[in-house]
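Next come the chains, spelled out residue by residue.
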Number of protein chains: 2
Amino acid sequence: MQVGVMKQTKLTIADIARKGGVSKATVSRVLNNRPYVEKATRNKVLAIIEETGFVPHHSATSLAGGKTNILGLLVPSLANPYSLTVIQGVAEKVAGKNLDLMLYTTGLSEKNQKKFLERLSKNAVDGLIVLLPRESTNFESELFSSDLPLVLIDHRSINADLPSIAVTNEKGGFDATEYLISLGHTKIGFIAGLLAFGCSVERLDGYKKGLEKYNLPFCEEYVVEGDFTEASGYRGAKELMLLPTPPTALFCSNDDMAIGAMQALEEMGKRIPGDVSIIGFDDSPRASLAFPRLTTIRQPLYQMGESAANLVVDLINGKSVAKKCIVLKTELIVRDSCAELSKVKK
Amino acid sequence: MQVGVMKQTKLTIADIARKGGVSKATVSRVLNNRPYVEKATRNKVLAIIEETGFVPHHSATSLAGGKTNILGLLVPSLANPYSLTVIQGVAEKVAGKNLDLMLYTTGLSEKNQKKFLERLSKNAVDGLIVLLPRESTNFESELFSSDLPLVLIDHRSINADLPSIAVTNEKGGFDATEYLISLGHTKIGFIAGLLAFGCSVERLDGYKKGLEKYNLPFCEEYVVEGDFTEASGYRGAKELMLLPTPPTALFCSNDDMAIGAMQALEEMGKRIPGDVSIIGFDDSPRASLAFPRLTTIRQPLYQMGESAANLVVDLINGKSVAKKCIVLKTELIVRDSCAELSKVKK
DNA sequence: GAACCTTCTGTAACCGGTTTCATACTAACC
DNA sequence: GGTTAGTATGAAACCGGTTACAGAAGGTTC
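Nothing here was measured: the structure is a model prediction, and the numbers come from that model.

## Comments concerning the nonpolar core
The nonpolar side chains of a soluble globular protein tend to be buried with one another.
Logical step 1: If you look at the biggest cluster of nonpolar residues, it comprises 58 residues, and the most contacted ones within it are Val90, Ile129 and Ile165 of chain A together with Val90 and Ile129 of chain B.
Logical step 2: Apart from the residues lying within four places of it in its own chain, the contact partners of Val90 of chain B are Leu71, Leu73, Leu101, Ile129, Gly305, Glu306 and Ala309 of chain B.

## Things to note about the protein's contact with DNA strand C
Logical step 1: Close to DNA strand C lie 29 residues; Ile13, Ser28 and Arg34 of chain A together with Arg29 and Thr41 of chain B are nearest.
Logical step 2: Backbone atoms, meaning sugar and phosphate, form 58% of the atoms of DNA strand C found within 4 Å of the protein.
Logical step 3: Taking Ser28 of chain A, its side chain carries an N or O atom lying 2.5 Å from a phosphate oxygen of DNA strand C.
Logical step 4: One of the backbone nitrogen or oxygen atoms of His57 of chain A is found 3.3 Å away from a phosphate oxygen of DNA strand C.
Logical step 5: Counting residues per element, the ones that place at least two in the surface near DNA strand C are α2 (24-31) and α4 (58-65) of chain A together with α2 (24-31) and α4 (58-65) of chain B.
Logical step 6: For the surface near DNA strand C, the element with the highest residue contribution is α4 of chain A, accounting for 5 residues.

## Things to note about the protein's contact with DNA strand D
Logical step 1: Inspection of the region around DNA strand D gives 29 residues, with Arg29 and Glu38 of chain A together with Ile13, Ser28 and Arg34 of chain B positioned closest.
Logical step 2: Atoms of DNA strand D within 4 Å of the protein belong to the sugar or the phosphate in 60% of instances, the rest to bases.
Logical step 3: Within the backbone of His57 of chain B, a nitrogen or oxygen atom sits 3.3 Å from a phosphate oxygen of DNA strand D.
Logical step 4: Looking at the surface near DNA strand D, the elements that each hand over two or more residues are α2 and α4 of chain A together with α2 and α4 of chain B.
Logical step 5: The element that contributes the greatest number of residues to the surface near DNA strand D is α4 of chain B, accounting for 5 residues.
Logical step 6: The residue makeup of the surface near DNA strand D, split by class, is 14 nonpolar, 10 polar and 5 charged.

## Looking at the pairing of strand β6 (residues 188-192) of chain B
Residue and element names in this part refer to chain B.
Logical step 1: Burial within β6 is extensive, with 5 of its 5 residues counted as buried.
Logical step 2: Side chains Ile188, Phe190 and Ala192 of β6 all project onto a buried face; the interleaved residues Gly189 and Ile191 project onto the opposite face, where all are buried too.
Logical step 3: With 3 bridges connecting them, β6 and strand β7 (residues 223-225) associate as parallel partners. Bridging across to β7, Phe190 finds its partner in Val223.

## So, the side chain of Arg42 of chain A
Logical step 1: Tracing the sequence through the fold places Arg42 of chain A in helix α3 (residues 39-52).
Logical step 2: Buried and without a salt bridge, Arg42 of chain A has Glu38 of chain A as its closest oppositely charged side chain, separated by 10 Å.

## Some thoughts on the packing of helix α10 (residues 230-241) of chain A against helix α11 (residues 255-267) of chain A
Residues and elements named next belong to chain A.
Logical step 1: Running from N to C, α10 and α11 cross one another at 50 degrees; their axes reach a closest spacing of 6 Å. When the axis of α10 is compared with that of α11, the two are oblique. The two elements α10 and α11 cross, and the hand of that crossing is right-handed. Mapping the contact onto sequence places Glu230, Ser232, Gly233, Tyr234, Ala237, Lys238 and Met241 in α10 and Asp256, Met257, Ile259, Gly260, Ala261, Gln263, Ala264, Leu265 and Glu267 in α11.
Logical step 2: Among the residues forming the contact of α10 with α11, the class breakdown is 8 nonpolar, 4 polar and 4 charged.

## Re helix α13 (residues 301-316) of chain B
Residues and elements named next belong to chain B.
Logical step 1: Over its 16 residues, α13 runs 23 Å from end to end, which matches the ideal 22 Å to within 8%, given 1.5 Å per residue.
Logical step 2: Of the residues making up α13, those classed as buried are Leu301, Met304, Gly305, Ser307, Ala308, Ala309, Leu311, Val312 and Val313.
Logical step 3: Looking at the buried residues of α13, the elements they touch are β1 (70-75), α5 (81-96), β3 (127-131), β4 (150-153), β5 (164-167) and β11 (325-328).
Logical step 4: Where α13 terminates, the next one or two residues include Gly318, which has phi positive at roughly 70 degrees.

## Some thoughts on the pairing of strand β10 (residues 295-298) of chain A
Residues and elements named next belong to chain A.
Logical step 1: Pairing analysis gives 4 bridges linking strand β9 (residues 277-282) to β10, with the strands arranged parallel. Bridge pairing links Phe281 to Ile297 in β10.
Logical step 2: Bridge analysis of β10 against strand β12 (residues 331-333) gives 3 bridges, and the strand direction is antiparallel. Looking across to β12, one finds that Thr296 is bridged to Ile333.

Quick notes on the rules
- Residues numbered from 1 in each chain as written.
- Chains lettered and ligands numbered in written order.
- Predicted model: local features only at pLDDT ≥ 70, side-chain atom pairs only at ≥ 80, totals over all residues.
- Heavy atoms only, no water.
- Core = buried A, V, L, I, M, F, W, Y, C linked by side-chain atoms within 4.5 Å.
- Buried < 20%, exposed > 50% of the residue type's maximum accessible area, 1.4 Å probe, protein only.
- Contact = heavy atoms within 4.5 Å.
- Near = heavy atom within 4 Å.
- Polar contact = N/O pair within 3.5 Å; in protein donor to acceptor, adjacent residues only side chain to side chain.
- Helix = DSSP H or I, 4+ residues; strand = E, 2+ residues; numbered from the N terminus.
- Nonpolar A, V, L, I, M, F, W, Y, C, P; charged D, E, K, R; others polar.
- Pairing = 2+ DSSP bridges.
- Lys, Arg positive; Asp, Glu negative; His and termini not counted.
- Salt bridge = Lys/Arg side-chain N within 4 Å of Asp/Glu carboxyl O.
- Axes fitted to C-alpha atoms, helices over the stretch in contact; angles between N-to-C directions.
- Parallel < 35°, antiparallel > 145°, perpendicular 65-115°, else oblique.
- Left-handed = near helix turned anticlockwise from the far one by under 90°.
- Expected span 1.5 Å × (residues − 1).

Put into structure tokens, the structure is as follows:
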């Protein structure tokens, strides 16, 4: 088709073999740094490779070798800082190894999940990290039936045998609640994330446990369900603050909702933390930028990505992994958005 | 190795052919939705595929078909909101098409660039989007010599023939400067990004043009070079404010540096915008969260990603593209971090 | 009814590597 | 010197698809 100077025809291992006066097998041995090649031969072949700039064809290598050297990373969305930080952790860890990173965004739709599942389960990737907080039984069972090395992140697995990275969501919920109680609060509103997500339920459980420990009543009407978005935090806060006896503190199941809640309170003329204390969850970058700076429960997102990458790489390499389920610790980060109740009593 | 129930041996097209009593060729035609298959035959094959859950082997398809259906996306780092937003735009556009997204992070090191170059240039991906603001002559020439569909983002290309997505960096720099001048500022400090980056130079040029238009002197000591990090903005601001006649306004070449500068000013007891006006560049998510909310020059990062994806897909499909170099517009976003000079005169 | 076109299908070559196996060569040992 | 072991190498099969080509069947055209 193309007129003009002919681009050098694509080099193959056969070309290298010919130039070197050796067989394809020998070139392959050199490429893969295998034994049984005489030093002189090896050097000769290496020189030719260097000189010609030969690079093995990725698909051919994968097909013949039975592995792709590709790690799949499945995330629901790129729009939240949560996914992004995890991705960073994975990418960083993967960079050193001889692995490429394939990014799939499912958008939470079942259809997309299915589509991606096809791609991965049979081939295409050597291993997979799935960041999929939503409970999704059929999804998981399909995954499990495949024998692809697979690590779930923050997915309250039905099957405890699946390798996974989790965080102490319940303890985080408990800690946040206990902290607010320690400041003297007894009327604590809770803006949950989508309760279809395992993490949301766990945080809610932690909240309940916290109340229980200090003999505070669990009040159904103090709990509203959001969807992790700022807007839902805003709505949730308004709803809670319009109760006959509104809470004096709000615990939001992530930072975005907390920031939405802060906006709602501001609009309602409530001072933070003067009138109402707010605590979030995640410690996303926004938390420390908010005004006032947001007290929150940190999830080690970056580290979750790293751990997942390490684990899946071990699984790929067939290493026996000691702990298939890794639970990372959440941590209370105290900033400026919570205050003692006594100080705010009118 | 594995004891127990034998996992179904990996299905191949040959298995499907056998079950259907047809040839591999026919199955392939069905899979690829090609003509010359009788309706009855097609349905029979489709039924078997459905029933067995057969999925073609990706590497085999790529090898035989000569295309990978993978789009490569090369970014220097995931740590800045800049890259992330572009990635979102690309990912979103790609999701609809039958393309997978391979993410490479080079970390700005020449060595990594080289490494990735090998992967991509010969095979591995069908097309590539490169987000590589650094000037890098040899890098670019290598890219150019390859015949891979390729789109550069925000890379002041030496070779104008390369398909690229750019923004009006110079105009953005000019607009920011003009805006500050319109507020009465005449002593305007400039914290540049790394001047090895094309965009940094262009913004600096815009700054100079702005001064020139209003007959203000360009003062060498009012310009410091940062590296796009918050820390460098902090340092740059301190340096500028300690000058004998410090500027009354700071133009920072990105938002992160602007936020660093705000911190420095706060520490020095300067009020923003009361004592010093600050304007950034990017309109990253942080800009609107900062206190005071940061006035800035918006880059349409998401749209840049989208445009790049569209362009590279067209190139892959061999469509004749009308405009190989797309320049997107920057936009002044006025918020709260700049004020009129007259009002702040002591 | 011969020549020709179209549709449908299968055979076999091919994509560019890896790997098994056979063989040649060298060194070692008794 | 004959057996043995280990290193070095190449021929050919193989990975799982796609596709060029050939041939069969059916329908037109003259």
